[in-house]
Amino acid sequence: MMDAIASASMSMSAAQFSVEYAMSMAKKVMDTQELAAEEMLEMLPPTQSLGQFIDTYA
């Protein structure tokens, strides 16, 4: 009985560690993708006419 409880506890601990690790890696990937997107947006040429005119006939 005690072995089963200890085994279940170890399994739950390992599962919790696995989930925390996966979440940590996912957050790092999202941060990396955000930085890459910011860099690509900075590489775009500036648009000077954007937002200066409103098309009221559209």
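Anyway, here's the lowdown on the structure attached to this text. From a predicted model like this one, the values you see are computed outputs, not experimental measurements.

Basis of the calculations
- Residues numbered from 1 in each chain as written.
- Predicted model: local features only at pLDDT ≥ 70, side-chain atom pairs only at ≥ 80, totals over all residues.
- Heavy atoms only, no water.
- Helix = DSSP H or I, 4+ residues; strand = E, 2+ residues; numbered from the N terminus.
- Buried < 20%, exposed > 50% of the residue type's maximum accessible area, 1.4 Å probe, protein only.
- Areas by Shrake-Rupley, 256 points an atom, 1.4 Å probe, with all protein chains shown as cover.
- Patch = residues over 30% accessible without salt bridge, like charges linked within 9 Å, V, L, I, M, F, W, Y side chains within 5 Å.
- Salt bridge = Lys/Arg side-chain N within 4 Å of Asp/Glu carboxyl O.
- Lys, Arg positive; Asp, Glu negative; His and termini not counted.
- Charge placed at Lys NZ, Arg CZ, Asp CG, Glu CD.

In terms of helices and strands, the chain carries one helix and zero strands. Out of the 58 residues in the chain, the part that is buried amounts to 0%. Entry remark: accessible area of the chain is about 5900 Å², with carbon and sulfur atoms responsible for 66%.

Time to look at a negative patch on the surface. A cluster of like negative charges, contributed by Asp 31, Glu 34, Glu 38, Glu 39 and Glu 42, occupies part of the molecular surface. For Glu 34, the position within the fold is in helix α1 (residues 2–43). According to the relative accessible area criterion, Glu 34 is partly exposed, its value standing at 47%.

On to a nonpolar patch on the surface. A cluster of nonpolar side chains, Met 1, Met 2 and Ile 5, forms an exposed patch at the surface whose accessible area comes to about 420 Å². The residue Met 2 is located in helix α1 in this model.

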